[in-house]
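# Observations on the model geometry
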Amino acid sequence: MELEELQSAWTQMSHQLEKQKELTNEIIMEMTKEKYRTKFKAITNFEKAGALVCIASALFIFFNIPKLDTWYLLACGLIAIVFSIVLPILVLGSLKKIQCLDIVNLSYKDALLEYTKSKTKLLKIQRYGIYASFIYLMAFLPAIAKILNGKDLFLEPSTLLWKTIVMAVFLLIIARWGYGHYKRVTSSAEQLIKDLE
Amino acid sequence: MAKEIAFAALVREHQGLLFKVTSIYTDNETDREDLFQEVVYQLWRSFDSFRNESKISTWIYRVAMNTAITQLKKRKRRPDAIPISESILIHSESGDEDFEERLRMLYKHIERLDVLEKGLMLLLLEGKGYKEIAEITGLSESNVGTRISRIKKKLKTNMIKS
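Worth saying up front: this structure is predicted, and the values here are computed from it rather than measured.

Cut-off values and rules
- Residues numbered from 1 in each chain as written.
- Chains lettered and ligands numbered in written order.
- Predicted model: local features only at pLDDT ≥ 70, side-chain atom pairs only at ≥ 80, totals over all residues.
- Heavy atoms only, no water.
- Patch = residues over 30% accessible without salt bridge, like charges linked within 9 Å, V, L, I, M, F, W, Y side chains within 5 Å.
- Areas by Shrake-Rupley, 256 points an atom, 1.4 Å probe, with all protein chains shown as cover.
- Salt bridge = Lys/Arg side-chain N within 4 Å of Asp/Glu carboxyl O.
- Helix = DSSP H or I, 4+ residues; strand = E, 2+ residues; numbered from the N terminus.
- Domains from an automatic or database assignment.
- Contact = heavy atoms within 4.5 Å.
- Buried area = accessible area lost by both parts, 1.4 Å probe.
- Polar contact = N/O pair within 3.5 Å; in protein donor to acceptor, adjacent residues only side chain to side chain.
- pLDDT = per-residue confidence, 0-100.
- Axes fitted to C-alpha atoms, helices over the stretch in contact; angles between N-to-C directions.
- Parallel < 35°, antiparallel > 145°, perpendicular 65-115°, else oblique.
- Nonpolar A, V, L, I, M, F, W, Y, C, P; charged D, E, K, R; others polar.

This part takes up a nonpolar patch on the surface. Residues and elements named next belong to chain A. Taken together, Ile 55, Leu 59, Phe 62, Phe 63, Ile 85 and Ile 89 make up a surface patch of nonpolar side chains, about 610 Å² in accessible area. Broken down by secondary-structure element, the contributors of at least two residues to the nonpolar patch are helix 3 (46-63) and helix 4 (71-99). The dominant element in the nonpolar patch, judged by the number of residues it contributes, is helix 3, at four residues. By secondary structure assignment, the location of Ile 85 is in helix 4.

Structure follows, in structure tokens:
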């Protein structure tokens, strides 16, 4: 099949499409309104749900700060609060940037460039977020154990150790999967950016 | 109300164009319909800001293609989704087997292109000149020429292989 044949198939399809005017004014306006409504329903995605959980846990620790009665447990609590707030803010900020792309005024090249850069930045934040969650885990576990059970895990090193190991293994699996995904997406994205700039 | 009527007339007039753009960037009918709706919504949002500085089709291509970029990877193939090449055939209902086969091949080749190449290929197939392609894509005319000849080579290689 030659390029000219592809072109003629496309032209033939264009002619056939021209003959079919299926949409009515009512369908078009209903389509527009429906999309407007679903824009506001689309809040329930993973990132936003995750952010809500993080903020809820930060608030929970914050309101139970008085229970963290040693300097190291207090430090763990504060670290956990900072991580729970900063990471979702960074992720949601990057997501917002992608969603706010000026699709009307940007050229195709610039839109593609902006989108690819924002997407890469988001993936980078998510990747670092996975690594940062190891630190978060180390701070969160002792703080939450003290708040919920009144236990100071630093006085029970074996419990702290096995709980940390179980969660670290879980995180490691996620991190490995995330890294593979990150590598695949960003290598093609970086190539595209290089090609366009 | 007058605005709604004018907008609906514009979409009706260019629905073939929207159909083609949305089919290039998706691989099944469900996603194509979803992208079509998203493009119509984005056109409605920016309808007021459209100033007759460029051709209306240039504006539509730009909004549609840029919207398609932002929707990439968001969609996943659903089990009941109809592959795009089949949906095109249903839509065209020509009964011409040779044409249908060529259309299938065309979409198969387009699927193998990356997102930038897809955009250029679309405009090339639409019969746009390098100047207009440059205006829509933001690339220089000479860059458009270079990239298009690269795409042609790539297509030729793919065609020989298949």
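This part covers the domain arrangement of chain B. Residue and element names in this part refer to chain B. Split into domains, chain B comes out as domain 1 (1-95) and domain 2 (112-162). The partner domain 2 presents 10 residues to the 12 residues of domain 1 that form the contact. With both chains or domains summed, domain 1 and domain 2 bury close to 1,100 Å², and 63% of this area falls on carbon and sulfur atoms. Measuring nitrogen to oxygen at the nearest pair gives 3.4 Å for the salt bridge that ties Lys 55 to Glu 132. One can count four residue pairs in polar contact (both at pLDDT 80 or more) joining domain 1 with domain 2. Mapped by element, the contributors of at least two residues to the side of domain 1 that touches domain 2 are helix 2 (15-24) and helix 4 (56-70). Ranked by residue count, the leading element in the side of domain 1 that touches domain 2 is helix 4, at five residues.

Per-residue pLDDT for chain A has a mean of 80; in total, 84% of the residues score no lower than 70. Every residue in residues 40-44 of chain A is under pLDDT 50, and counting partners more than four places away or in other chains gives one contact.

All names here are of chain B. Where helix 8 (residues 130-137) contacts helix 9 (residues 141-161), the axes come no closer than 8 Å and their chain directions differ by 105°. Overall, the two elements helix 8 and helix 9 adopt an arrangement that is roughly perpendicular. Of the residues in helix 9, those touching helix 8 at Tyr 130, Lys 131, Ile 133, Ala 134 and Thr 137 are Glu 141, Val 144, Gly 145 and Ile 148. Residue classes in the contact of helix 8 with helix 9 are distributed as five nonpolar, two polar and two charged.

Once that is clear, we can look at the pattern of salt bridges. Residue and element names in this part refer to chain B. Summed over the entire model, instances satisfying the criterion amount to seven salt bridges over all chains. The partner of Lys 20 in a salt bridge is Glu 126, and the shortest N-O contact between them spans 2.8 Å. One end of the pair, Lys 20, is in helix 2; the other, Glu 126, is in the loop between helix 7 (115-125) and helix 8, with 106 residues separating them in the sequence. As a salt-bridge pair, Arg 104 and Glu 101 come within 3.3 Å of each other at their nearest N and O atoms.

This next bit is on the side chain of B:Glu29. Looking at the element boundaries, B:Glu29 is found in helix 3 (residues 29-46). There is a polar contact of 3.1 Å between the side chain of B:Glu29 and the side chain of B:Arg32.

The interface is formed by 65 residues belonging to chain B together with 43 residues belonging to chain A. Taking both sides of the interface into account, the surface hidden between chain B and chain A amounts to around 5,000 Å²; carbon and sulfur atoms contribute 65%. For the pair chain B and chain A, the interface holds zero salt bridges. Where chain B touches chain A, the interface holds 13 residue pairs in polar contact (both at pLDDT 80 or more). By residue number, the principal contributor to the side of chain B that touches chain A is helix 3 of chain B, which donates nine residues. Its residues placed into classes, the side of chain B that touches chain A shows 34 nonpolar, 17 polar and 14 charged.

Turning to the environment of A:Gly129, a few remarks are in order. Mapped onto the fold, A:Gly129 is located in helix 5 (residues 108-149). Note: C-alpha distance between A:Gly129 and A:Leu196 (67 residues apart in sequence) is 29 Å.

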